[in-house]
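Descriptive analysis of the structure
The chain contents come next:
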Amino acid sequence: MKNYNSKKIIFYIFIFFISLILVGFIGAIIRLINIPAIFITVIIIGVLTYYKKSDWLQQNFESFFKIKTNKNPLDLSLISKKKAADKSLEGIDQLITLINDEVKAKALKDEKNRVSLELERGDIILVVFGIGSSGKTSLIRTLLKRIVGDVSAEMGSTKSNKSYRLKLKGIHRGIRIIDTPGILEAGREGREREKMALIQARKADLMLVVIEGDLRSTETKAIRNLSNLGKRLILVLNKIDLRGENEEKRLIEVLNTRCCDFIESKDIVCTSASPQTIAIPGKKPYQPNPEINSLIRRLATILHEEGEELIADNILLQCSNLGKKGKILLTKQRSYAAKKCIDKYGWLSSGVLILTPLPIIDMIAAAAVNAQMVIEIANIYGVDITKERAKSLALSVGKTLATMGLVKGSVTLISSTLHLSLPTYIVSKVIQGISVSWLTRIAGASFITYFQQDQNWGDGGIQEIVEYHYKLNKRDEYFKSFIKRAYERVIDPLVGNKFKRLPPKSRGQREEES
């Protein structure tokens, strides 16, 4: 700021002397140097003090002193993305404090720390994939001008990730090349190596996929999946020395057609990393030089024009993926805790209803939705809710259960499933109690959806959510599991060894009776 002020003062002094010279020149012409001339000089200086209001004068001023007031738009973009990444990492720190599982929380924190270091790293990460024995390692060897691994025709010659470093002229950052195991290899070991390769893909700024011919549907799908990770991708057609010029053009056209929706035509490059020797009768075999200049030029262009942007995008993408991973962990944790809470209140409500001496068929909907349960689920999802609000939500869901006919429907469903040799009054109470527990599950699941959606029932409203969970819990796998729990929690403790229990009816029997 001081430097800028001093330049400003110098500028005004310079303008003052220029004005005096100009006035003197004018005075010499008109042979008059008097008060009007000085007055004109003062006016000129006054106008110049407001030079900021004049665009052209400001531009001349900046040009004169070589002051750049505006930063490169790319620099502003990178700064913005770095700030967004920092903010995302802060959000991940908050997520970590909410995760109860210490092992998972530590793993997430370690990954977050790794991404934090990525913000300050120096090299551009280039990950190389290969479809089978496409010459991927030979290509890297040629790029580095030294042997970096076993090069053989057998698939899977690269058994693990290997890292190398090179410099390209005109690129101030180094390039770290990561050689990954081939993808789409057969067998368990091949699948494990492919999994390891995909982990590296998520860390890449730029990806090379090396192929040796036309792509099958599975190969196209695998490359598309790599592109869907949100990374820039170059497709390298290797071993072009084995084909004629016409065949090469045909392959390029085919690849453009297959990959046009996720790879630009200029990012499909032909190479010959390790050309085959040519036999010459009576002479020593001729070894052609590798042809990778087109790839080097394309890499240099991309890294020079987009290198910094690729790094920023990659780090931002990693932050986003890490945030999603943390949210998934937190969602699972909250869902598990909420379901335990619902299970507890479901069986409590069931027990209370069974012990109630009055006819309670009209009270089932109210008993199934407990305001305290709503408060506890809200707290699990980090929502502070008043008792009055909880009661209002409970009443709304209870009314929905009743008006949709789900109460009577659940009682009918439970009674058609259970087959008990018990006195009538006990059977009635047991059926009503178990119906309450089942409806509590439906109501509780509806509240979970409500709090997961930031206290929003969605476009379909409360009725759509309740109906969805009713149908979900009615499915055979969920319903059978619930009936098994009902026997364990309600029926067996109630009847003891005095009554014989018959097995639950099958779905076919229930449908016949209904």
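Residues numbered from 1 in each chain as written. Predicted model: local features only at pLDDT ≥ 70, side-chain atom pairs only at ≥ 80, totals over all residues. Heavy atoms only, no water.

**Digging into the overall build of the protein chain**
For clarity, the cut-off: Elements are defined by DSSP. Helices are runs of H or I of four residues or more, strands are runs of E of two residues or more, and each kind is numbered from the N terminus. Categorising residues by exposure relies on relative accessible area from a 1.4 Å probe, with only protein chains included: less than 20% of the type maximum marks a residue as buried, more than 50% marks it as exposed, and the intermediate range marks it as partly exposed. Every residue pair with non-hydrogen atoms within 4.5 Å of one another is taken to be in contact.
Looking only at helices and strands, the protein chain features 18 helices and six strands. Burial statistics for the protein chain: of 514 residues in total, 44% are counted as buried. The long-range share in the protein chain, meaning contacts at least 24 apart out of those at least 6 apart in sequence, stands at 73%.

**Some points on the nonpolar core**
Note on soluble globular proteins: their nonpolar side chains tend to be buried together. So the rule is basically this: By nonpolar core is meant a set of buried Ala, Val, Leu, Ile, Met, Phe, Trp, Tyr and Cys residues that side-chain atoms within 4.5 Å join together.
Ranked by internal contacts, the top residues of the largest apolar core, which has 52 residues, are Ile377, Val397, Leu401, Ile434, Phe447 and Phe451. Sorting the residues of this core by element identifies helix H10 (293–355), helix H12 (371–380), helix H13 (387–403), helix H14 (406–417), helix H15 (424–452), helix H16 (461–474) and helix H17 (476–495) as the ones contributing at least two each. Sort the elements by how many residues they give to this core and H15 lands first, with 13 residues. In this view, isoleucine 377 contacts Cys341, Ile342, Gly444, Phe447, Ile448 and Phe451; residues no more than four positions away in its chain are not counted.

**Quick notes on unusual backbone geometry**
One non-glycine residue, lysine 239, lies in the positive phi region at around 60°. Tracing the backbone through its elements, the reader meets lysine 239 in the loop between strand E5 (232–237) and helix H9 (245–259). On the accessibility criterion, lysine 239 (23% relative accessible area) is partly exposed. Phi angles above zero are rare outside glycine, and glutamine 455 is one such case at about 55°. Tracing the chain through its elements places glutamine 455 in the loop between H15 and H16. Residue glutamine 455 is classed as partly exposed on the basis of its relative accessible area, which comes to 39%.

**Focus on the environment of isoleucine 278**
The residue isoleucine 278 is located in the loop between strand E6 (268–270) and H10 in this model. By relative accessible area, which is 44% here, isoleucine 278 ends up partly exposed. Considering only alpha carbons, one finds isoleucine 278 and proline 288, 10 residues apart in sequence, at a separation of 7.8 Å. Contact partners of isoleucine 278, with chain neighbours within four places excluded, come to Pro285, Tyr286 and Pro288.

**Thoughts on H13**
Because each turn of an α-helix spans 3.6 residues, side chains separated by three or four positions in sequence point in the same direction. This is how the line gets drawn: By this rule, a helix spans an expected 1.5 Å times one less than how many residues it contains. Note that the arc is defined by the directions from the helix axis to the C-beta atoms.
Taking 1.5 Å of rise per residue, the 17 residues of H13 would be expected to cover 24 Å, and the 24 Å separating its terminal C-alpha atoms lies within 8% of that figure. By the burial criterion, the buried members of H13 are Ala390, Leu393, Ala394, Val397, Gly398, Thr400 and Leu401. Seen along its axis, H13 keeps its buried residues to an arc of 160°; they face one direction. Exposed positions of H13 whose direction lies more than 90 degrees from the buried face are Glu388, Lys399 and Thr403.

**Let's talk about the environment of lysine 474**
Following the sequence through the fold, lysine 474 ends up in helix H16. It is 9.2 Å that separates the C-alpha atoms of lysine 474 and serine 410, two residues lying 64 residues apart in sequence.

**Concerning the sheet that holds strand E4 (residues 206–211)**
Think of a sheet as strands paired side by side through backbone hydrogen bonds, with each pair either parallel or antiparallel. Under the convention used in this document: Two strands are said to pair when DSSP picks up at least two bridges between them. Comment: axis = line fitted to C-alpha atoms, over the contacting stretch for helices; angle = value between 0 and 180 degrees taken between N-to-C directions.
Taken in spatial order, the six strands make up an open sheet running E2-E3-E1-E4-E5-E6, and their pairing is mixed. Each of the sheet's edge strands pairs with one partner strand only, and the pair in question is strand E2 (162–166) and E6. Strand-to-strand twist of the sheet, defined as the mean angle between neighbouring strand axes without regard to direction, takes the value 25°. Looking at chain direction, strand E1 (residues 124–130) and E4 are connected through five bridges and run parallel. Within E4, the position partnered with glycine 130 by the bridge is valine 210.

**Section: the pairing of E1**
For E1, the buried fraction is high: seven of the seven residues fall into the buried class. Of the two faces of E1, the one carrying Ile124, Leu126, Val128 and Gly130 and the one carrying Ile125, Val127 and Phe129 are both buried. Looking at chain direction, E1 and strand E3 (residues 175–179) are connected through five bridges and run parallel. Looking at the pairing, isoleucine 124 lines up with isoleucine 175 of E3.

**Looking at the side chain of threonine 142**
Applicable threshold: Polar contacts, as counted here, are pairs of nitrogen or oxygen atoms within 3.5 Å of one another; within protein the pair requires one atom able to donate a hydrogen and one able to accept it, and residues that are adjacent in sequence qualify only if both atoms are side-chain atoms.
Along the chain, the position of threonine 142 falls in helix H6 (residues 136–144). Residue classification places threonine 142 among the buried residues on the basis of a relative accessible area of 15%. Within the structure, threonine 142 has its side chain in polar contact with the backbone oxygen of alanine 273 (distance 2.9 Å). Not counting residues within four places of it along the chain, the set of residues in contact with threonine 142 comprises Ala273, Pro290 and Ile292.

**Focus: the side chain of threonine 400**
As for its position among the elements, threonine 400 is in helix H13. Each residue touching threonine 400, except ones within four places of it in the same chain, is listed here: Ile462, Gln463 and Val466.

**Here we look at a nonpolar patch on the surface**
We count it as follows: In this scheme, patches are assembled from residues that exceed 30% relative accessible area and form no salt bridge. Like charges are connected within 9 Å, while nonpolar side chains (Val, Leu, Ile, Met, Phe, Trp, Tyr) are connected within 5 Å. Only the protein chains shown count as cover for residues, and all accessible areas are computed by the Shrake-Rupley method using a 1.4 Å probe. Any Lys or Arg side-chain nitrogen found within 4 Å of a carboxyl oxygen on Asp or Glu counts as a salt bridge.
A cluster of nonpolar side chains, namely Ile9, Ile13, Phe16, Phe17 and Leu20, defines an oily patch on the protein surface of about 480 Å² accessible area. Inspection of the secondary structure assignment puts phenylalanine 16 in helix H1 (residues 2–30). For phenylalanine 16, a relative accessible area of 37% translates into the label partly exposed.

**Here's the deal with the state of the cysteines**
Covalent bonding between the sulfur atoms of two cysteines defines a disulfide. Using the following cut-off: Counting rule for disulfides: a pair of cysteine sulfur atoms within 2.5 Å.
On inspection of all chains with the given rule, the structure shows zero disulfides. Looking at cysteine 259, it has no disulfide partner, and the nearest cysteine sulfur is the one in cysteine 260, 8.0 Å off.

**Concerning the confidence of the model for the protein chain**
Counted only if it meets this: Each residue carries a pLDDT value, the predictor's own confidence for that position, ranging from 0 to 100.
With 76% of its residues at a pLDDT of 70 or more, the protein chain has an overall mean of 78. Throughout residues 147–156 the model reports pLDDT below 50, and contacts reaching past four residues in sequence, or to other chains, amount to 22 contacts.

**Topic: the pattern of salt bridges**
Within this structure, the stated rule accounts for 22 salt bridges. Between lysine 136 and aspartate 179 there is a salt bridge, and its shortest N-O distance comes to 2.8 Å. Placement of the pair is lysine 136 in helix H6 and aspartate 179 in strand E3, with a sequence separation of 43 residues. For aspartate 179, a relative accessible area of 0% puts it in the buried group. One salt bridge in this structure joins glutamate 376 and lysine 344, with 3.3 Å as the shortest N-O distance. Here glutamate 376 is found in helix H12, whereas its partner lysine 344 is found in helix H10, with 32 residues between them in sequence. Owing to a relative accessible area of 39%, lysine 344 belongs among the partly exposed residues under this scheme. The structure contains a network of salt bridges with shared partners spanning Arg232, Asp267, Arg298 and Glu306.

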